[in-house]
Amino acid sequence: MDEHGEVTQILVAAKNGGTEAIGRVVTLVYDELERIARRQLAREQPGHTLDTGALVHEAYLKLGQLDRIEWRSREHFLAMAARLMRRILIDYAEARRAEKRGGAAVRIALEPSMAAVEERGDDLLALDEALHRLERLNARQSRIVECRFFAGMSVEETAAALELSAATVKRDWVAARAWLNRELQS
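K.L.:
So what about the overall build of the chain? Which residues, and what values?
P.N.:
Each helix and strand counted, the chain has 8 helices and 2 strands in total. Sequence-ordered secondary structure for the chain, helices as α and strands as β, is α-α-α-α-β-β-α-α-α-α. Each of the 186 residues in the chain was classed as buried or not, and the buried ones make up 47%. Pairs at least 24 apart in sequence give 66% of the contacts found in the chain among residues at least 6 apart. Looking at the chain as shown, the accessible area adds up to about 9,300 Å², and 48% of this sits on carbon and sulfur atoms.

In structure tokens:
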């Protein structure tokens, strides 16, 4: 059995996750979790107190606390890990902003191939607020942005994680990027 199948099998067998199952899965997908963490930290300002390992560890702790979740697949697990990493960084940015009274907003630069805004970069908190507004309007598009942008998943991986067709993911990805672009430019 390949790693993808083994991860899915462990998650499905564990039903509600559980610390032991999550630990086994994290061991199997650690390199991918590090890639997601590196991708998210690359958008942060230099001197960030969290490094790749710390962000993966924080996400692992939060994943272990999730209960009542029925894991569907490896992609579903990675999408949730990316979402938790994003939340950790947003919490960090909010705490830092509160400390400095708004003077130290974290800047991000979206990659040109996946950019929802121009290369000038926008504040992580502004992006998070825009994603929350998008989620209220269209939760599916918000989840697609999380998978594609924050987790770095392909169209096919996103489709598998969200149980959608690849065509739906492509269509919603284009629409979500356009919506976010308008929101972040205003």
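K.L.:
An account of the pattern of salt bridges is needed here, citing residue identities and associated values.
P.N.:
Enumeration over the complete set of coordinates arrives at 13 salt bridges. Note that E75 is salt-bridged to R74, the shortest N-O span being 3.1 Å. Just as E75 is buried, R74 falls in that class too. Residue E135 is joined to R83 by a salt bridge in which the shortest nitrogen-to-oxygen separation is 3.5 Å. Taken together, the residues span a long stretch of sequence, with E135 in helix α5 (residues 124–137) and R83 in helix α4 (residues 74–99) at a distance of 52 residues. Three or more residues joined by partner-sharing salt bridges are found here, namely R83, R86, R87, D91, D128, E135, R143 and E146.

K.L.:
Break down helix α3 (residues 52–65) for me, with residues and values.
P.N.:
For α3, with 14 residues, the first-to-last C-alpha span of 20 Å sits near the 20 Å given by 1.5 Å per residue. Of all the positions in α3, only T52, L55, V56, A59 and L63 are classed as buried. For α3, the angular spread of the buried residues around the axis is 95 degrees, confining them to a single face. Capping of α3 at its N-terminal end is provided by D51; its side-chain oxygen lies 3.3 Å from the backbone amide nitrogen of G53.

K.L.:
A description of the packing of aromatic side chains should follow, citing residues and the corresponding values.
P.N.:
Inspection of every chain in the model, using the stated rule, returns 2 aromatic pairs. A centroid spacing of 4.9 Å and a plane angle of 85 degrees characterise the contact between F149 and F150, whose relative ring orientation is edge-to-face. Above the face of the F150 ring, R86 is positioned so that its terminal group lies 5.1 Å from the ring centre. Looking at R148, its charged tip hangs above the ring of W173, at a distance of 5.0 Å from the centre.

K.L.:
Tell me what's going on with unusual backbone geometry, and back it up with residues and numbers.
P.N.:
One non-glycine residue, E163, lies in the positive phi region at around 55 degrees. With respect to the secondary-structure elements, E163 resides in the loop between α7 (155–162) and α8 (166–185).

Rules used throughout
Residues numbered from 1 in each chain as written. Predicted model: local features only at pLDDT ≥ 70, side-chain atom pairs only at ≥ 80, totals over all residues. Heavy atoms only, no water. Helix = DSSP H or I, 4+ residues; strand = E, 2+ residues; numbered from the N terminus. Buried < 20%, exposed > 50% of the residue type's maximum accessible area, 1.4 Å probe, protein only. Contact = heavy atoms within 4.5 Å. Areas by Shrake-Rupley, 256 points an atom, 1.4 Å probe, with all protein chains shown as cover. Salt bridge = Lys/Arg side-chain N within 4 Å of Asp/Glu carboxyl O. Expected span 1.5 Å × (residues − 1). Arc of directions from axis to C-beta. Polar contact = N/O pair within 3.5 Å; in protein donor to acceptor, adjacent residues only side chain to side chain. Phe/Tyr/Trp six-rings, centres within 6.5 Å; stacked < 30°, edge-to-face > 60°. Lys NZ or Arg CZ within 6 Å of the ring centre and 35° of its normal.

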